[in-house]
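# Chain and residue survey
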Amino acid sequence: QVQLVESGGGLVQAGGSLRLSCAASASGRSFSSYGMGWFRQAPGKEREFVSAISRGGGTTYYADSVKGRFTTSRDNAKNTVYLQMNSLKPEDTAVYYCAADRLFGFRNVYTPNSYEYWGQGTQVTVSS
């Protein structure tokens, strides 16, 4: 139903910023039909929730570990969701994934299993 491609990852020093983008191509339903989530996974660790945003962008959710530093937004006209990451810390190092859920609002947005579609991920590395 929807293909997702993340971009914008890279190597940055602690305290720096990156903006991740997730470009969506929806074959049936429009991009605005999907709530979107951001997750990350470090080597040897489980995938963890980072942020989420509702279909229209009016409601956002953040993990406690990133509140005040990360901001998610979406541009439905461009079929794109963003994750602005500021004040990056070494513990933010992970592969970051975007995910889409048609049933957003009827599922737990914090749980990976709630999302139907996933991108390939983009690596974020924060050096000390």
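As shown above, the structure is provided for reference.
An account of the accompanying structure is given in this report.

Reading the values: the criteria
The written sequence of each chain sets the order in which its residues are numbered from 1. Only residues with pLDDT of at least 70 are given local features in this predicted model, and only at 80 or more are side-chain atom pairs given and counted; all residues enter the totals for whole chains, interfaces and linings. Calculated side-chain values reflect all of the structure's heavy atoms, with hydrogen atoms and water omitted. For the purposes of this section, nonpolar cores are sets of buried Ala, Val, Leu, Ile, Met, Phe, Trp, Tyr and Cys residues that join through side-chain atoms within 4.5 Å. For each residue, the accessible area found with a 1.4 Å probe, counting protein chains only, is set against the maximum for its type, and the residue is called buried under 20%, exposed over 50%, and partly exposed in between. Numbering of helices and strands starts at the N terminus; helices are DSSP runs of H or I of at least 4 residues and strands are runs of E of at least 2. Here, residues are in contact when the closest pair of their heavy atoms is within 4.5 Å. Pairing between two strands is assigned when DSSP locates at least 2 bridges connecting them. We call a pair of cysteine sulfur atoms a disulfide whenever their separation is within 2.5 Å.

This brings us to the nonpolar core. The tendency in soluble globular proteins is for nonpolar side chains to be buried as a group. Counting 36 residues, the largest nonpolar core has L4, M36, W38, F70, L83, M85 and Y96 as its most contacted members. If you list the elements that add at least two residues to this core, you get β1 (2-7), β3 (18-26), β4 (35-41), β5 (48-53), β8 (80-85), β9 (94-101) and β11 (122-127). Residue contributions to this core peak at five residues, all from β9. Beyond its immediate stretch of four places on either side in the chain, M85 contacts G16, S17, L18, L20, R69, F70, Y96 and V124.

Let us now look at the pairing of β11. Burial along β11 is one-sided: T122, V124 and V126 are buried, while Q123, T125 and S127, pointing the other way, are not. Direction of pairing for strand β2 (residues 10-13) relative to β11: parallel, over a ladder of four bridges. Within β11, the residue paired with G10 across the bridge is V124. Bridge count between β9 and β11: three bridges; the pairing is antiparallel. Residue pairing in the sheet places Y96 in a bridge with T122 of β11.

Bringing the state of the cysteines into the picture now. According to the stated counting rule, one finds one disulfide in the structure shown. Here C22 is linked by a disulfide to C98, with a sulfur-sulfur distance of 1.9 Å. Here C22 and C98 share a disulfide; its torsion about the S-S bond, 55°, makes the bridge right-handed. A residue pair is termed long-range when its members are at least 10 positions apart, and C22 in strand β3 and C98 in strand β9 qualify at 76 residues. A relative accessible area of 0% means that C98 is categorised as buried.

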